[in-house]
Amino acid sequence: MARRSGSADLPLHNGRVPAWLGQRMTRLGAVIAEAITHHYGREEFLRRLAHPFWFQSFGAVMGMDWHSSGVTTSVMGALKRGLAPLSGELGIHVCGGRGKHSRQTPLELAALGERVGFDGEALARASRLVAKVDSAAVQDGFDIYLHSFVVTDDGDWVVVQQGMNGDSALARRYHWLSEGLKSFVEAPHAAIDGENQGNIVNLTDRRAKASRAGQLDLLHNLGPDGIVREMAAIKGEAEPPPAQPLLPHLVMPDHHDVRPGDVMLRRLHGALAAAAECGPTDFADLLLVPGVGARTVRSLAKVAEVVHGAPCRFSDPARFSLAHGGKDRHPFPAPLKVYDKTIEVLKSAVSSAKLGNDDRLEALRRLDAQARRLEAFASGPSLPDFIAEETSRSHEYGGRSVFGWEQPPVREQDGREADTQRQNDH
C-alpha cells in the first residue's frame, strides 16, 4: 500500500445534520460505496476512506459543510446506516461511531466475528489499541470523541477517528489502515489530519523506538523512585530532537463561503465542458432514467470523479461542494431535485451492473475521463459567477438549507414597486 501521511486544519463546528439531508447522505454514500466496490473491490474502498483528502471530498459531494469537522461524524454515520442492509452483499461492516457508540466498537466486532467468521476478539483488541495510541501515545492536545471501525469479511479494516481541542476550536482526524500494518506502536497511521500545534509527544514515530525501549528499561531497572532521581539530575544540556519532515498539508479554512482560491477552476471547467458535450439527451437515453438534465449531469461528473479519481484530484475538496451545495447555503442551497436524480441515476447504474450490464456505470467512467481530457483547455464562468447563477436558480432545483426552502428571487420590477411603496409610506 502507498501509505501517505498528511495534515489538515478542520474548524470545530457544532450542530446537527437535518433529516432531509442525512437521509440523502445515507443513500448517496451507500451507492457510491457500491460503485467503488464494483469497479475496484472493497479493499480499494477502505484505501479511499484512509485517504484524508478523498474523505473530505466525499463528504463535500454529499452536501455536508465542505470544510468543517462535522464531515467526519456525518460521513461515518451515513455509511453506517447506508451499508448496514448491504453488509451481507458487499462484505463491508461499519462499527462504532461518536460518543457512547465508540465504546461499543469492541462488542460489535466480537459479535461480527461470530457471525461472519473472522477473529472478532483480535479486531476488538486492534480497536482498543488504535484508540489508545491516538489518545495516549500521540499526545497532541486533541481528545478523541469519535471512533469508527470499518471491516470487511476478509478481516481487512480501516479506522477513522477524530479528536477535538476546545481551546483552539479545531479538530484532528486520524486515519488507520490495516493493509501493510506491521506495528501498532511504530508509525502506524495512514494519515493524521489537523493543524500543526507545535511540538507534540509522538511515541509512535519510528525515531521514538529507542525512547519506547528506554522507558521500559527505566521502569524495570530503576522503578518510580529511581526515575524521579534521574529526572532531578537532568540539567537540560541535551540537543533538541530533529524537526519532523514537512508533510502534505490540507488547510480547511474558517470561512464558510467557497472562494476562488478554494477551487481549481480548470477542473471545474473540465467537468462543465464534459457535461455539456455529453449532453442531457445522450445520458437520458443511455441511463434510461427520465428527466436527466444538464444540471444533473454536472453533479454526476463530480460524483464520477469521487468514484474514479486518483488521489491527486482531491486537493481542493471545496470543488466537490459544487455538486450538491450545502445545508448552510454555502456555496449554495442543496438542490434536492438534482440530488435525488443523482441518487436515482447511480442506483439504476449499480443495479444494472449487478445483473451483468456495466454499460450505465461505464457511462459515468467515460464522463469522468472526458472531464479530465477537457480541463486542459476548457473555459467557463468564474467561480463567483457560477455560484451566483446556481443560487439564482436554486428554487428551480428544489433548493433547501437549514434556513428553509429557497424562494424565487424578487424581480427587478417588483423591487422598484416595493421601493415606491416604501417611499409613499413615509
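Residues numbered from 1 in each chain as written. Predicted model: local features only at pLDDT ≥ 70, side-chain atom pairs only at ≥ 80, totals over all residues. Heavy atoms only, no water.

Going by what an unreviewed UniProt entry lists, the protein chain is known as DUF763 domain-containing protein and is assigned to Methylocystis heyeri.

> Please clarify how the packing of aromatic side chains should be interpreted in this entry.
A full pass over the atoms with the stated rule returns three aromatic pairs. For the pair W54 and F58, a centre-to-centre distance of 4.7 Å together with 25 degrees between the ring planes defines the contact as stacked. Taken together, the residues W54 and F58, both in helix α3 (residues 52–61) and four residues apart, mark about one turn of the helix. The residues W54 and F58 share a single accessibility class, namely buried. In this arrangement the basic side chain of R295 is found over the ring face of Y397, its NZ or CZ atom lying 5.6 Å from the centre. (Phe/Tyr/Trp six-rings, centres within 6.5 Å; stacked < 30°, edge-to-face > 60°. Helix = DSSP H or I, 4+ residues; strand = E, 2+ residues; numbered from the N terminus. Buried < 20%, exposed > 50% of the residue type's maximum accessible area, 1.4 Å probe, protein only. Lys NZ or Arg CZ within 6 Å of the ring centre and 35° of its normal.)

> What should I look at first to understand unusual backbone geometry in this one?
What is expected of a backbone is that most residues other than glycine have negative phi and most peptide bonds are trans. In this chain, H330 is followed by P331 through a cis amide linkage whose omega measures 0 degrees. Its identity as a non-glycine residue notwithstanding, A169 has a phi of 55 degrees, on the positive side. Topologically, A169 is positioned in the loop between β5 (157–165) and β6 (170–177). A positive phi angle is found at R329, which is not glycine, with a value near 75 degrees.

> Mind showing me how you'd approach helix α7 (residues 105–116) here?
In an α-helix there are 3.6 residues to a turn, and that puts residues three or four apart on one side. Taking 1.5 Å as the rise per residue, α7 with twelve residues should run 16 Å; its terminal C-alpha atoms sit 16 Å apart, in good agreement. Among the residues of α7, T105, P106, L109, L112 and G113 are the ones counted as buried. Buried residues of α7, viewed axially, fall in a sector of 120 degrees; they line one side. Pointing more than 90 degrees away from the buried face of α7 are the exposed residues L107, E114 and R115. Just beyond α7, the residue with positive phi is G117, at close to 115 degrees. (Expected span 1.5 Å × (residues − 1). Arc of directions from axis to C-beta.)

> So what exactly am I meant to see when it comes to the layout of surface pockets here?
To find leftover empty space, one rolls a probe the size of a water molecule over the atoms. Here the second largest pocket defines a volume of roughly 720 Å³. Considering the residues around the second largest pocket, the lining is formed by 33 residues, among which V17, T73, S74, G77 and R98 are closest to the centre. Secondary-structure elements contributing two or more residues to the lining of the second largest pocket are α1 (19–40), α4 (70–83), β2 (92–98), β4 (143–152) and β5. Among the elements that line the lining of the second largest pocket, the one with the most residues is α4, at seven residues. (1 Å grid on protein atoms, 1.4 Å probe; cavity = no way out; pocket = protein on both sides within 12 Å on 5 of 7 lines; lining within 4 Å. Points joined across faces, edges and corners; volume = space filled by probe spheres on them.)

> How do you make sense of the sheet that holds strand β10 (residues 334–335) when you look at a structure like this?
Sheet strands pair via backbone hydrogen bonds, and the direction of the pair is either parallel or antiparallel. Taken in spatial order, the three strands make up an open sheet running β10-β11-β12, and their pairing is antiparallel. The sheet is open, and its two borders are formed by β10 and β12 (404–405), each paired with just one other strand. Inspection of the sheet shows strand β11 (residues 399–401) paired to β12 by two bridges, in the antiparallel sense. Each residue of the ladder has a partner; that of R400, found in β12, is W405. (Pairing = 2+ DSSP bridges.)

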